[in-house]
Every structure is written in C-alpha cells, then in structure tokens.
Amino acid sequence: MLDALDLEIGAGEFVAMLGRSGSGKSTLLRAIAGLDDDVEGEVEVSGTVAVAFQDARLVPWKRVLANVRLGLRRPDDAAVARGALEEVGLWGHLDAWPLTLSGGEAQRVSLARGLVREPALLLLDEPFGALDALTRIAMHNLVLGLWERHRPAVLFVTHDVDEALSLADRVLVLSDGRIAHQSRIHLKRPREREHQELVELRLRLLQELDIDTKGATT
Amino acid sequence: MSLTNPRTVRLAVRVSRPETTQAGGERHGGRWWHRLLSPLVLLLAWQLASTAGLVSAQKLPPPTTVWHTAVQLVTTNSTAYGTLQHAMLISLGRIAIGFSLGASVAVVLAIVAGLSRVGENAVDPLMQGVRTLPLFGLVPVFIVWFGIGQLPKVLLIALASAIPLYLNTFAGIRGVDGRLGELGRTLGLSRGEMLRHIVLPGALPEALVGLRQSLGLAWLSLVVAEQLNANAGLGYIISQATQFLQNDVIFVALLVYTILGLLTDWFVRLLERRTLAWRRGLLAR
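From a predicted model like this one, the values you see are computed outputs, not experimental measurements. (Residues numbered from 1 in each chain as written. Chains lettered and ligands numbered in written order. Predicted model: local features only at pLDDT ≥ 70, side-chain atom pairs only at ≥ 80, totals over all residues.)

K.L.:
Please set out the overall build of chain B residue by residue, giving values where relevant.
P.N.:
Each helix and strand in chain B was counted, giving twelve helices and zero strands. Helices and strands appear in chain B in the N-to-C order α-α-α-α-α-α-α-α-α-α-α-α. Among the 285 residues that make up chain B, the fraction classed as buried is 30%. A fraction of 71% describes how many contacts in chain B between residues 6 or more apart in sequence connect residues 24 or more apart. (Helix = DSSP H or I, 4+ residues; strand = E, 2+ residues; numbered from the N terminus. Buried ≥ 20, exposed ≤ 12 C-beta atoms within 10 Å, placed from the backbone. Contact = placed C-beta atoms within 7 Å.)

The following block contains the structure:
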C-alpha cells in the first residue's frame, strides 16, 4: 500500500492529507499511530502522538470525563481533563454516557482526549467525515482554535478538498502509496473560499485526485 | 370530492387518538399488581380444591397447611428436621462456596482463553468437553473420589456454575470491539489497564447473562447433590420428609429453594442495572 514514502512534518505545522480511498492514507496514519505492525520503516516523533478517529471511538461504558482521563498519567489528570472538556465546550457533559452524545459532541470529547496528552503530533483521521455540514463548520473553527492555542503538529486526513484548503498550512495528495502532490498555503485564516489562490489550488487538487472538474468550476 | 373534505378527516383523527393511546397503555403492562393476579388465583383455587376435598391433602397439602408447617419448622427444633433456618444456612453455605469457586475459576479461564490463541487452544477444548458431559452422571464418580461429605457437593455446584459463566465470558471477551483495543494502544494503556478498562467491561453484558445461567444451574445441582446422602440442609429435609411421607414439609423446602433462587436472580438483575447503566443511555434516546 505504501511505497517508499517520506514525510516530514514541522513542529506546529498543520498538514492535510488528501487521497481517494485505497490511496494508502489510512495505512500511513495507522503506521504513524503504531497500529500497523506490517509496515516497514521508521516513524520518528519528538513527543507523544494522539489520534482522533473518524468514529470518535469513545469507550461506551466510561462517562465523558473518564474517557478523557483514560490512560492519562499525571497527578492532576482529573483537573486537566475537565479543563480540556471545558475548552471544547462540553463542561455540562462531564458525567454523560457516550451513547447519549450527538456525533459532534462525541468528536469534541475525542479531541479533548487527544489534547490532554499534550501531543507533539495530533493525527486526525477524517474526524468530521460523519458529521452534518453545519456541525462540520463549527468543528473546523474549534480545531483551528485548539491548534492555535496548543500548537501540536497536525496530520489531518480527509477526502474533502475544501476542508483541507480552509484548515491546512500544507496539503498533500496521496496516490498509490506515494505523495503525488504537495503545496503550501500561506493565506491567513479564516480564509475566503473564493480567494484566487484557493480556487486555483482547488482545481489542481481535484485534478490530482482524478476528479472530473468540467462543469464544476463555477 | 367528499373524501378530501378536511372536516371529515379532522374528525376521524380526533376520535381515534385517545382510543389508541389507551389501548397502547394497557398493552404495556398496566399496573404492577396485575402480574400478581394469576398466581393469587392459582393459590386460591389450590386452597379451595383442598378444603372441598377434591384432592387429597396428603398428596397436595393446601397453602394454609404448607404455611403452618413452615412456621412450625422455623419455631421448633425437631429431631427429624432440625430447624428450617439452620438447613437454609447449610444450603446457602454450600452454594456460596461452590459458586464462588466455580465462578472464579470460570472467569480466570475465560480471560486466559479470551486473550490469546495459545490460551484458547489450551483451555477451550477442555471446557467444551466438560460442557457436553452429563453433569449429574458425575455424581457417583464424585462420591467414589471425594466421599460423601461436603466436598463432592461443593465441587458439583462449582462445576455446574463454572460452565455457563466460562462460555459467556469467553464469548464476551472475544466480542469486544477491536477498535477499542486500537484506541487503548494509542492511549498507551498497559496490559492490565486494557483488561480493566476495555476487555472486562466490554465482556460484562454477556458475562452477566452467563452469571444468571450459572446461578440457575448452581441451585439445580445443589438440589441434586443434597438429596444424595446429606445429613443437613434443605435437600436433607426433603429426603427425610420423603421417608416420613410428609409432603407438606417437602413443599416448604421447595418453596425455600424457589425464594432463594428468586433472590439471587434479583441480585443479578440489580447488578445488571448498576453496571450496565451506560446502555440505558442508549435506550433513553
């Protein structure tokens, strides 16, 4: 799946990775997270890695606060977890059972659980793929806010070009296990969707992804 | 045109609504004491049949006689039976020791088999074999091996209660969502933490089903074990009463078994309600 792939992410850099399904992006992410034992190669991270999965993956038999504290090894873990949940706007849900949360709320818990580990690298595996459009926009703003305050390096896997364009410092396109394209975006956030640079880059990325752009340019 | 007249439609809706809600309310159980009615009717019919002389009071003693006998067994320490509460304590002790032994072995074996292929290959074939063994066919063998004291009874109960608990807990552990295992790895959980926070709570719903079946089998094997050469306990009361042809005493002992069985079942249900509260959240939505 992956083929001699070499990727370096700077400290505090926000990288979005695009790719069609089967392009190897999940494999890469799982390899970096240490979940795939079959991948040969080296992963070097100066610090901890945290993951937010597409399915939020909360432990259903642990209340929200306990989910965030899970595996956290520090004496003030409860206070830190509460702080993180307050930061993602879930102060009122500390004692809620995960199954009672909406999709967006569950993802926010998942982000808080990643944040409290003070990761050097935060892996986001299509975390908003299952959310509705309005919740998505709110989550984008939340992620950017968290990223600006905590400054982890972020590897954000998505198949949504617009999502990548509005969030990332650098956009990669993965294809057949290789990085087929990458470009940097120097625009300040929040970004105008119709900014000339983004419009051009969007076209380019869609072509890289092999998506027919005729008639979709207006 | 008359079909689409809005007034007729509205009238139909207004009439049908209260009727359907009322019917729905009745269907969902009604008042709690409605469930007590049929047992009470049966009890009354039994009493009436006895007093009217339709059935012999010797063969089927009426509820009032059973009650009087129960009171007598509790208040007097007879040479034939001892006291009922003493017998009850003896039987409860056997269940407690046998069940704890069987349950702990079952859970440990289920964890060993559930967590590794090696463990599964070592443990599961044996347990599957024991499962198909006719349990009560072992009684004579147990007597040869362990004599006629407390040991064979306790071991029979232990064996009986171990099997369903093992099977369900093992299946429960294997059924835990693998994605939660991945999550545990990314959170850096140790093996012990993984077991405590992910594997065991994940297996709990099925383990509790097994626990209930185990308790049922434990009571059943207690009854069987106690009627073979016991010198104390509820089963001993039954075998004594059989010799003296005192069916009322047998009924009292059976009643006590039933009540104790119901109590342990209720205890498991309480445990379920407490430990599986996270699922109720799902139902409440």
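K.L.:
How would you summarise helix α5 (residues 117–132) of chain B if you had to cite specific residues and measurements?
P.N.:
Over its 16 residues, α5 of chain B extends 22 Å from the first C-alpha to the last, a length consistent with the 22 Å expected when each residue adds 1.5 Å. Remark: the principal bend of α5 of chain B, roughly 30°, maps to Val123 of chain B, with a proline, Pro125 of chain B, within the next four residues. (Expected span 1.5 Å × (residues − 1). Bend = angle between axes of the 7 residues up to and from the residue.)

K.L.:
Summarise the sheet that holds strand β4 (residues 153–158) of chain A; cite the residues concerned and give the values.
P.N.:
Residue and element names in this part refer to chain A. Taken in spatial order, the six strands of this open sheet run β2-β3-β4-β1-β5-β6, and their pairing is mixed. Whereas interior strands pair on both sides, the edge strands pair on one side only; in this sheet they are β2 (49–52) and β6 (178–184). Strand-to-strand twist of the sheet, defined as the mean angle between neighbouring strand axes without regard to direction, takes the value 20°. (Pairing = 2+ DSSP bridges. Axes fitted to C-alpha atoms, helices over the stretch in contact; angles between N-to-C directions.)

K.L.:
I'd like a rundown of the confidence of the model for chain A, residues and numbers included.
P.N.:
Summing up the model confidence of chain A, the mean pLDDT is 91 and the portion of residues at 70 or higher is 96%. Looking at the elements of chain A, mean pLDDT is at its lowest for helix α1 (residues 25–33) of chain A, recorded as 89, and at its highest for helix α2 (residues 64–69) of chain A, recorded as 97. (pLDDT = per-residue confidence, 0-100.)

K.L.:
An account of the interface of chain A and chain B is needed here, citing residue identities and associated values.
P.N.:
With 13 residues of chain A at the contact, the number on the chain B side is 17 residues. Split into classes, the residues belonging to the side of chain A that touches chain B amount to nine nonpolar, three polar and one charged. (Nonpolar A, V, L, I, M, F, W, Y, C, P; charged D, E, K, R; others polar.)

K.L.:
Residue-level account of the packing of helix α4 (residues 84–115) of chain B against helix α7 (residues 150–174) of chain B, with values.
P.N.:
Residue and element names in this part refer to chain B. Where α4 contacts α7, the axes come no closer than 7 Å and their chain directions differ by 30°. Crossing angle aside, the handedness with which α4 passes α7 is right-handed. Counted by class, the contact of α4 with α7 contains 21 nonpolar, five polar and three charged residues. (Left-handed = near helix turned anticlockwise from the far one by under 90°.)

K.L.:
Summarise the packing of helix α3 (residues 63–75) of chain B against helix α11 (residues 247–275) of chain B; cite the residues concerned and give the values.
P.N.:
All names here are of chain B. Where α3 meets α11, the closest approach of the two axes is 9 Å, and the angle between their N-to-C directions is 80°. Relative to α11, the element α3 is oriented roughly perpendicular. Contacts between α3 and α11 involve Thr65, Val66, Thr69, Ala70 and Leu73 on the former and, on the latter, Asp248, Val249, Phe251, Val252 and Leu255. A per-class count over the contact of α3 with α11 returns seven nonpolar, two polar and one charged. (Parallel < 35°, antiparallel > 145°, perpendicular 65-115°, else oblique.)

K.L.:
Before we move on, could you go through the pairing of strand β1 (residues 14–18) of chain A and cite the residues and values that matter?
P.N.:
Taken residue by residue, a regular strand's side chains alternate between the two faces of the sheet. Residue and element names in this part refer to chain A. With five of its five residues buried, β1 lies for the most part within the structure. Alternating positions in β1 separate into two faces, Phe14, Ala16 and Leu18 on one and Val15 and Met17 on the other, with burial throughout. In terms of strand pairing, β1 meets β4 through five bridges, oriented parallel. Its bridge partner being in β4, Met17 is matched across the sheet by Val157. Bridge count for β1 against strand β5 (residues 170–175) is four bridges, and the pairing is parallel. The partner of Val15 across the bridge, within β5, is Arg170.

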